[in-house]
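Residues per chain, in single letters:
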Amino acid sequence: SQTIHQWPATLVQPVGSPLSLECTVEGTSNPNLYWYRQAAGRGLQLLFYSVGIGQISSEVPQNLSASRPQDRQFILSSKKLLLSDSGFYLCAWGLAGDTGELFFGEGSRLTVL
Amino acid sequence: GNSVTQMEGPVTLSEEAFLTINCTYTATGYPSLFWYVQYPGEGLQLLLKATKADDKGSNKGFEATYRKETTSFHLEKGSVQVSDSAVYFCANRGTGRRALTFGSGTRLQVQP
């Protein structure tokens, strides 16, 4: 069966510090991968998605970036965090070419102070 | 473009009450529709889905019917339990779209 795992689960970082959140998927090949952000009391905003190694699509301009160095690994990064980057970050995967559902990780809560 | 609108929360109900959470959408083509549930501190879990008009998705006593004529996918449950307390998200995936578009979420609080 397929599993998705992201870490760290909780992160407290000062403004201006770097960020790295990692997500891995097991049990499937060539998945579509996604990063969403959920700000406090708000819905989910799509940040990035990837259909293959090295292929990243950005949905909104921001100081975040994403990379996909391996087929089942998706990394969310920032060189300098802003207060507004605080939120709950969710990684998800879906079957390539499918129109079905996405499967979400446990989430990473980021607090920028 | 794609969008999803769902009712504002929180929705507060007593145990065994009837639940309706409204969801309407706009999308290109013939979208697939989804309801996800998020328990405190956790990621999202798929609750149910429907992929074509008049399909009814159901799971754990929850139901939603894909209504193309009204572009709606309302979530219902006949008798809620305290354990149903969570945030519920409606989502769609338009034809040719690689990602889901989510509504803002509706918090449900069920009191004993």
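Preceding block: the structure.
Starting from 1, residues in each chain are numbered consecutively following that chain's sequence as written. Written order determines the labels here, with chains lettered from A and ligands numbered from 1. Where totals are concerned, whole chains, interfaces and linings use all residues; where local detail is concerned, this predicted model gives features only for residues with pLDDT of at least 70, and gives and counts side-chain atom pairs only at 80 or more. Only hydrogens and water are set aside when side-chain values are computed; all heavy atoms of the structure are taken into account.

Participant: Help me understand the nonpolar core, please; the structure alone is not making it clear to me.
Facilitator: A general tendency of soluble globular proteins is for nonpolar side chains to be buried together. In plain words, nonpolar cores are sets of buried Ala, Val, Leu, Ile, Met, Phe, Trp, Tyr and Cys residues tied together by side-chain atoms within 4.5 Å. Here the term buried applies to any residue with accessible area under 20% of the maximum for its type, exposed to any over 50%, and partly exposed to those in between, with areas from a 1.4 Å probe on protein chains only. Of all hydrophobic cores here, the largest spans 24 residues; its most connected members are Leu19(B), Trp35(B), Leu48(B), Phe73(B), Leu75(B) and Tyr88(B). Where this core is concerned, the elements lending two or more residues are strand E2 (11-14), strand E3 (19-21), strand E4 (23-26), strand E5 (32-38), strand E6 (44-50), strand E8 (62-65), strand E10 (86-93) and strand E12 (106-111) of chain B. It only takes one pair of heavy atoms within 4.5 Å for two residues to be counted as in contact. Contacts of Leu75(B), omitting those with residues within four sequence positions, involve Leu19(B), Thr20(B), Ile21(B), Trp35(B), Leu47(B), Leu48(B), Phe62(B), Glu63(B), Ala64(B) and Tyr88(B). In terms of nonpolar packing, the next biggest core, distinct from the first, is built from 20 residues, Cys23(A), Leu33(A), Trp35(A) and Val112(A) among them. Numbering of helices and strands starts at the N terminus; helices are DSSP runs of H or I of at least 4 residues and strands are runs of E of at least 2.

Participant: Any chance you could explain the state of the cysteines here in plain terms?
Facilitator: Two cysteines form a disulfide when their sulfur atoms are joined by a covalent bond. Residues and elements named next belong to chain A. The disulfide definition used here is simple: a pair of cysteine sulfur atoms within 2.5 Å. For the structure on display, the rule yields two disulfides over all chains. Across a sulfur-sulfur distance of 2.0 Å, Cys 23 and Cys 91 are joined as a disulfide pair. In this structure, the disulfide formed by Cys 23 and Cys 91 twists by about -75 degrees around the S-S bond and is classed as left-handed. On the criterion of sequence distance, the pair formed by Cys 23 in strand E3 (residues 19-26) and Cys 91 in strand E9 (residues 87-94) is long-range, its members being 68 residues apart.

Participant: Mind showing me how you'd approach the packing of aromatic side chains here?
Facilitator: Aromatic ring pairs are described here by two measures, namely the spacing of the ring centres and the angle between the planes. Stacked, tilted and edge-to-face pairs are distinguished by plane angle, under 30 degrees for stacked and over 60 for edge-to-face with tilted covering the rest, among Phe, Tyr and Trp rings (Trp via its six-membered ring) whose centres lie within 6.5 Å. Under the defined criterion, the tally for this structure stands at 13 aromatic pairs over all chains. Aromatic side chains Phe104(A) and Tyr36(B) sit 5.5 Å apart centroid to centroid with 85 degrees between the ring planes, which places their arrangement in the edge-to-face category. Highlighted residues: Phe104(A) in strand E10 (residues 103-104) and Tyr36(B) in strand E5, drawn from two different chains. Each member of the pair Phe104(A) and Tyr36(B) is classed as buried. Ring geometry for Tyr25(B) and Tyr66(B): centres 6.1 Å apart, planes at 80 degrees, overall edge-to-face. Residue Tyr25(B) is located in strand E4, and its partner Tyr66(B) is located in the loop between E8 and strand E9 (75-77); the two are separated by 41 residues in the primary sequence. With respect to burial, Tyr25(B) and Tyr66(B) carry one shared label: buried.

Participant: I would appreciate a short explanation of the sheet that holds strand E8 (residues 73-78) of chain A in the present structure.
Facilitator: Paired through backbone hydrogen bonds, the strands of a sheet run either parallel or antiparallel to each other. Residue and element names in this part refer to chain A. When DSSP finds two or more bridges between a pair of strands, those strands are recorded as paired. The four strands lie next to each other as E1-E3-E8-E7, forming an open sheet whose pairing is antiparallel. With partners counted over all chains shown, the strands left at the sheet margins are strand E1 (3-7) and strand E7 (64-70), one partner each. Strand-to-strand, the axes of this sheet are offset by a mean angle of 15 degrees, without reference to chain direction. Simply put, an axis is a line fit to the C-alpha atoms, just over the touching stretch for a helix, and the angle between two N-to-C directions goes from 0 to 180 degrees.

Limitation: the analysis is restricted to geometry and does not speak to function.
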